[in-house]
Amino acid sequence: MKRTSKELKRIARDILNNRYTIPMGAFVTAGLIPAVIEIPFSMFTGDNPTTKQLIITGLAEFLIMLIGQVLTIGVYQVHLNMTRSKEFRLSQIFDPFRSSAERHFGASLLYFIFSILACVPGILGTVYFYFTDITATSIGILCVGLVLSMILAIIITLNYQMIFFLLLDHPLMKVRDAFKES
């Protein structure tokens, strides 16, 4: 069914009409929870952190990032339920933790790994630039690496952003299948 832009805007306005407090609350809550969890770790490092502190903080930041992504999947659930005229509550942001949490964490981890791999050209270009003299070649390698990383990140985002929605819509779908379908 093909709809005009004007019709899509009207439908979106009708769906949101006086019903935006719960989705916005879910969005804010999903952002605040990881931020509050992260505060002690950022305070823990201090001015001159030891290697042990850096490792613990790095691992904590990684786990907090995964928790934040799964909370974001919960926000997606709230939005899906709202647009489908189903019951939606703020507590639904925790649903991905209750049902098939391993799938949501696995998808978040795999998506994170792909995102990191997209950054490799930029990291290599930056390392090359840092350890060589400032020349046109080193600047060119840095720029090419950064642009290539941005292009790869956009490609990964466009190709795999829907995996979380697929996992929500198909509770029995495996993470690998969600990536293939996306």
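Notes on the overall build of the chain
A count of helical and extended segments in the chain gives eight helices and zero strands. Taken from the N to the C terminus, the helices and strands of the chain come in the order α-α-α-α-α-α-α-α. What you see for the chain is a C-alpha radius of gyration of 20 Å, clearly larger than the 16 Å of a compact globule of 182 residues, by over 25%. In terms of overall dimensions, the chain has C-alpha extents of about 60 × 45 × 35 Å along its principal axes. The buried share of the chain, taken over its 182 residues, is 29%. When contacts within the chain are restricted to residue pairs at least 6 apart in sequence, long-range pairs at least 24 apart make up 63% of them. On the chain, roughly 12000 Å² of surface is accessible, and the fraction owed to carbon and sulfur atoms is 69%. Taking the average place of the 16 positive charges on the side chains of the chain and the average place of its 12 negative ones, the gap between the two points comes to 11 Å.

Topic: helix α5 (residues 101-131)
If you check α5, its first and last C-alpha atoms are 43 Å apart, about what 31 residues at 1.5 Å a residue would give, namely 45 Å. Helix geometry: α5 is bent most strongly at V120, by close to 35°, with proline P121 lying one to four residues after it. When α5 is considered as a whole, its buried residues turn out to be A101, R103, H104, A107, S108, Y111, A118, P121, G122 and G125. In this structure, the buried side of α5 is in contact with α3 (51-83), α4 (95-98), α6 (136-160), α7 (163-169) and α8 (175-181).

Analysis parameters
- Residues numbered from 1 in each chain as written.
- Predicted model: local features only at pLDDT ≥ 70, side-chain atom pairs only at ≥ 80, totals over all residues.
- Heavy atoms only, no water.
- Helix = DSSP H or I, 4+ residues; strand = E, 2+ residues; numbered from the N terminus.
- Rg over C-alpha atoms; globule rule 2.2 N^0.38 Å.
- Buried < 20%, exposed > 50% of the residue type's maximum accessible area, 1.4 Å probe, protein only.
- Contact = heavy atoms within 4.5 Å.
- Areas by Shrake-Rupley, 256 points an atom, 1.4 Å probe, with all protein chains shown as cover.
- Lys, Arg positive; Asp, Glu negative; His and termini not counted.
- Charge placed at Lys NZ, Arg CZ, Asp CG, Glu CD.
- Expected span 1.5 Å × (residues − 1).
- Bend = angle between axes of the 7 residues up to and from the residue.

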